[in-house]
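So the chains spell out like this:
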Amino acid sequence: MPIPRHRLFGERCLNGYGLSYARYYLYPMEKGGPEPIFDAVMMNTFPDREAAQRCTAARVNNVELSKAIAEDEVKMFDLKACQFFEAEDSVA
């Protein structure tokens, strides 16, 4: 299991901007099923797009935090395999 340090960086970044930070570890849904393409999915939840943009700007402008995150990411992730998506809730 990865060290929880990276999660602390995520929580620090989201403080005051985001609603939640979660990491989900992926496993086959059935015994003998195919292995997932990725081993984990991280999800940050924001009240709106503007809050997400302010959070990103605050992180980029915090040189010390950005450096610490980048140093931790190279230890923890295969950065070439990482993919980023934005999703929007749709509730009827």
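Described below are features of the structure shown in this document. The shown structure was predicted, so the numbers you read here are calculated from the model rather than taken from an experiment. Residue numbers here run from 1 along each chain, matching the order of that chain's written sequence. Selection of residues for local features in this predicted model requires a pLDDT of at least 70, selection of side-chain atom pairs for listing and counting requires 80 or more, and totals for whole chains, interfaces and linings are taken over all residues. As a rule here, side-chain values come from all non-hydrogen atoms in the structure, and water together with hydrogens is ignored.

Quick look at the packing of helix α1 (residues 5–14) against helix α3 (residues 63–76) now. To obtain an axis, a line is fitted to C-alpha atoms, over the contacting stretch when the element is a helix, and the angle between two such axes runs from 0 to 180 degrees between their N-to-C directions. Labels follow the DSSP assignment, with helices taken as runs of H or I lasting at least four residues and strands as runs of E lasting at least two, numbered in each case from the N terminus. As a packed pair, α1 and α3 sit with axes 10 Å apart at the nearest point and diverge in direction by 150°. Handedness of the crossing formed by α1 with α3: left-handed. Here α1 contributes Arg5, His6, Phe9, Arg12 and Cys13 to the contact with α3, which in turn contributes Leu65, Ala68, Ile69, Asp72, Glu73 and Met76. Three classes are used, and their members are as follows: Ala, Val, Leu, Ile, Met, Phe, Trp, Tyr, Cys and Pro are nonpolar, Asp, Glu, Lys and Arg are charged, and the others, Gly among them, are polar. A per-class count over the contact of α1 with α3 returns six nonpolar, one polar and four charged. Handedness of a crossing is defined here by the sense of rotation of the near helix relative to the far one, left-handed for an anticlockwise turn of less than a right angle and right-handed for a clockwise turn. Throughout, a contact is declared for two residues whenever any of their heavy atoms are within 4.5 Å.

Here, a salt bridge means any Lys or Arg side-chain nitrogen found within 4 Å of an Asp or Glu carboxyl oxygen. All chains considered together, the criterion is met by two salt bridges. Close ionic contact of Arg49 with Glu86 constitutes a salt bridge, the shortest N to O distance being 2.2 Å. Here Arg49, found in helix α2 (residues 49–61), pairs with Glu86, found in the segment after α3; they are 37 residues apart in sequence, far enough to count as distant. Arg49 gets classed as partly exposed once you look at its relative accessible area, which sits at 47%. Note that Glu71 and Lys67 form a salt bridge whose closest N and O atoms lie 3.0 Å from each other. Note that Glu71 and Lys67 are positioned in helix α3 at a spacing of four residues, about one turn of the helix. Under the scheme applied here, a residue whose accessible area is under 20% of the maximum for its type counts as buried, over 50% as exposed, and between as partly exposed, the area being computed with a 1.4 Å probe on protein chains only.

Helical geometry: 3.6 residues make up each α-helical turn, so side chains three or four residues apart lie on a common side. For a helix, the expected span equals 1.5 Å multiplied by the number of residues minus one. Given a rise of 1.5 Å per residue, 13 residues ought to cover 18 Å, and the 18 Å separating the end C-alpha atoms of α2 matches this to within 8%. The backbone nitrogen of Glu50 has a side-chain oxygen 3.3 Å away, supplied by the residue at the start of α2, namely Asp48. Identification of polar contacts relies on pairs of N or O atoms within 3.5 Å, with a donor-acceptor requirement for protein atoms, meaning one able to donate a hydrogen and the other able to accept it, and with residues adjacent in sequence counted only if both atoms are side-chain atoms.

What follows concerns α1. Within the sequence span of α1, burial applies to His6, Phe9, Gly10, Cys13 and Leu14. Projected down its long axis, α1 shows its buried positions confined to an angular sector of 130°, all on one face. Following α1 by one or two positions, Gly16 adopts a phi angle in the positive range, close to 90°. Directions are taken from the helix axis to each C-beta atom, and the arc is the one they span.

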